[in-house]
Amino acid sequence: MSDITTVGVVGAGTMGNGIAQVFARSGFPVRLCEVEQRFLDRGMETIRKNLGREAAKGKLTEAGAAAALACIEGTLDRSSLAGCDLVVEAATERFEIKKQIFQELDDLLRPEVILASNTSSISITKLAAQTGRPARVIGMHFFNPVPVMKLVEVIRGLQTSQETFETVKSLSERLGKTPVEVQDAPGFVSNRVLMPLLNEAMFAVMEGVATPEAIDEIFKLGMAHPMGPLTLADFIGLDVCLDIMRVLHEGLGDPKYRPCPLLVRMVDAGWLGKKSGRGFYRYE
């Protein structure tokens, strides 16, 4: 089993900063890489606030929070990841962007280094094929908010080796997570089941069956969901929901995965949910 000491994370957005925080909290030195200083600053500030919140709740000591923060080194220079033993890509959910990152990392990293993707729907097999190390490529799909959610979907590409799988499974457990093995297919398990549910809720709004508030109330009270499907879609980001529905529609070829036209229109309008201040609900 590979010995992993230093970890790289590409992307300091919602998922990337959470992944960096979880590794740092478990004592791993982390290099967090972004393309622009403002994104890196925002990611580091989020980590600082989250660790402070954990310390205030007694989940971490003040010293533990400070030690975790000290484990994270922010950088705009991707070549600084060359010394890492594992790199997790947490960039935008677009194949072309991920492909370019994987090709660049493949040239940069030692041949034995594992390349993991936090993709929520894109084919691990296809990403692995962009590299010269397909046996060392795997999906490591964390859930939002990363520091809180226990699940990691560990996705095997067609070429992923057993050693790579065992290393990442063991590593997930060291982070205090519960790894669940999934084979490579569009949307894996989580989003293949979840996204059509959110999409169908959007069709119900579009067709005037019920308001977003009513639909969410039905799911909270009738199905014991902690939040309704439309609130959840707003929190995920409507653009991300649309990207995943398009991956499902294209990858599985079944019309039942057609993105709701209302979702397409809202994304076109820039109504992306909580992050833009407006989605199915308005946010301050």
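Given the structure is predicted, the values throughout are model-derived calculations rather than measurements. (Residues numbered from 1 in each chain as written. Predicted model: local features only at pLDDT ≥ 70, side-chain atom pairs only at ≥ 80, totals over all residues. Heavy atoms only, no water.)

Time to look at helix H2 (residues 37–56). Under the 1.5 Å per step criterion, the end-to-end length of H2 is 28 Å for 20 residues, consistent within 8% with the ideal 28 Å. Residues Leu40, Gly43, Met44, Ile47, Asn50, Leu51, Glu54 and Ala55 constitute the buried set of H2. One side of H2 holds all its buried residues, which, seen down the axis, span an arc of 140°. Residues of H2 that are exposed and point more than 90 degrees away from the buried face comprise Arg38, Arg42 and Ala56. (Helix = DSSP H or I, 4+ residues; strand = E, 2+ residues; numbered from the N terminus. Expected span 1.5 Å × (residues − 1). Buried < 20%, exposed > 50% of the residue type's maximum accessible area, 1.4 Å probe, protein only. Arc of directions from axis to C-beta.)

Between side chains of opposite charge, a pair can form as their charged atoms come close. Enumeration according to the criterion identifies 16 salt bridges in this entry. Between Arg110 and Asp85 there is a salt bridge, and its shortest N-O distance comes to 2.9 Å. Note that Arg110 is positioned in the loop between helix H4 (95–108) and strand S5 (114–117) and Asp85 in the loop between strand S3 (72–75) and strand S4 (86–89), a separation of 25 residues in sequence. One salt bridge connects Lys98 with Glu89, and the closest N-O pair in it is separated by 2.4 Å. When sorted by exposure, Lys98 lands in the same class as Glu89, which is buried. (Salt bridge = Lys/Arg side-chain N within 4 Å of Asp/Glu carboxyl O.)

Glancing now at the nonpolar core. Residues Ile19, Phe23, Leu32, Ile72, Leu86, Met140 and Phe142 are the most contacted members of the largest nonpolar core, which totals 37 residues. With 6 residues, helix H1 (residues 14–25) is the largest single contributor of residues to this core. Filtering out sequence-adjacent residues up to four positions away, Ile72 remains in contact with Ala20, Gln21, Ala24, Val30, Leu32, Met44 and Ile47. Membership of the second largest hydrophobic core comes to 26 residues, among which are Ala233, Leu248, Leu262 and Leu272. (Core = buried A, V, L, I, M, F, W, Y, C linked by side-chain atoms within 4.5 Å. Contact = heavy atoms within 4.5 Å.)

Closest axis-to-axis distance for the H1/H2 pair is 9 Å, and the angle between their directions is 50°. In this view, H1 runs oblique relative to H2, as classed from their interaxial angle. Regarding H1 and H2, the two cross each other, and that crossing is right-handed. Contacts between H1 and H2 involve Asn17, Ala20, Gln21 and Arg25 on the former and, on the latter, Gly43, Thr46, Ile47, Asn50, Leu51 and Glu54. Of the residues belonging to the contact of H1 with H2, the class tally is 3 nonpolar, 5 polar and 2 charged. (Axes fitted to C-alpha atoms, helices over the stretch in contact; angles between N-to-C directions. Parallel < 35°, antiparallel > 145°, perpendicular 65-115°, else oblique. Left-handed = near helix turned anticlockwise from the far one by under 90°. Nonpolar A, V, L, I, M, F, W, Y, C, P; charged D, E, K, R; others polar.)

The positions UniProt marks with the feature "domain: 3-hydroxyacyl-CoA dehydrogenase NAD binding" (unreviewed entry) are residues 6–184. Structurally, residues 6–184 is divided into 41% helix and 21% strand, and its ends, taken at the C-alpha atoms, are 27 Å apart. (UniProt positions renumbered as here; feature names shortened; annotations may be inferred.)

Moving on, we get to the UniProt feature "domain: 3-hydroxyacyl-CoA dehydrogenase C-terminal" (unreviewed entry) in the protein. Within this structure's numbering, the places UniProt gives as "domain: 3-hydroxyacyl-CoA dehydrogenase C-terminal" (unreviewed entry) are residues 187–283. Between the end C-alpha atoms of residues 187–283 the distance is 28 Å, and the span holds 61% helix and 0% strand.

Turning our attention to the packing of aromatic side chains. Tallied over the full model, the rule gives 2 aromatic pairs. Here the aromatic rings of Phe235 and Tyr283 are separated by 6.4 Å at their centres, their planes lie at 80°, and the arrangement is edge-to-face. Of this pair, Phe235 sits in helix H9 (residues 229–236) while Tyr283 is found in the segment after helix H11 (261–268), placing the two residues 48 residues apart along the sequence. One cation-aromatic arrangement involves Arg156 over Phe165; the distance from NZ or CZ to the ring centre is 4.2 Å. Directly above the aromatic system of Trp271 lies the positively charged group of Arg278, at a separation of 3.6 Å from the ring centroid. (Phe/Tyr/Trp six-rings, centres within 6.5 Å; stacked < 30°, edge-to-face > 60°. Lys NZ or Arg CZ within 6 Å of the ring centre and 35° of its normal.)

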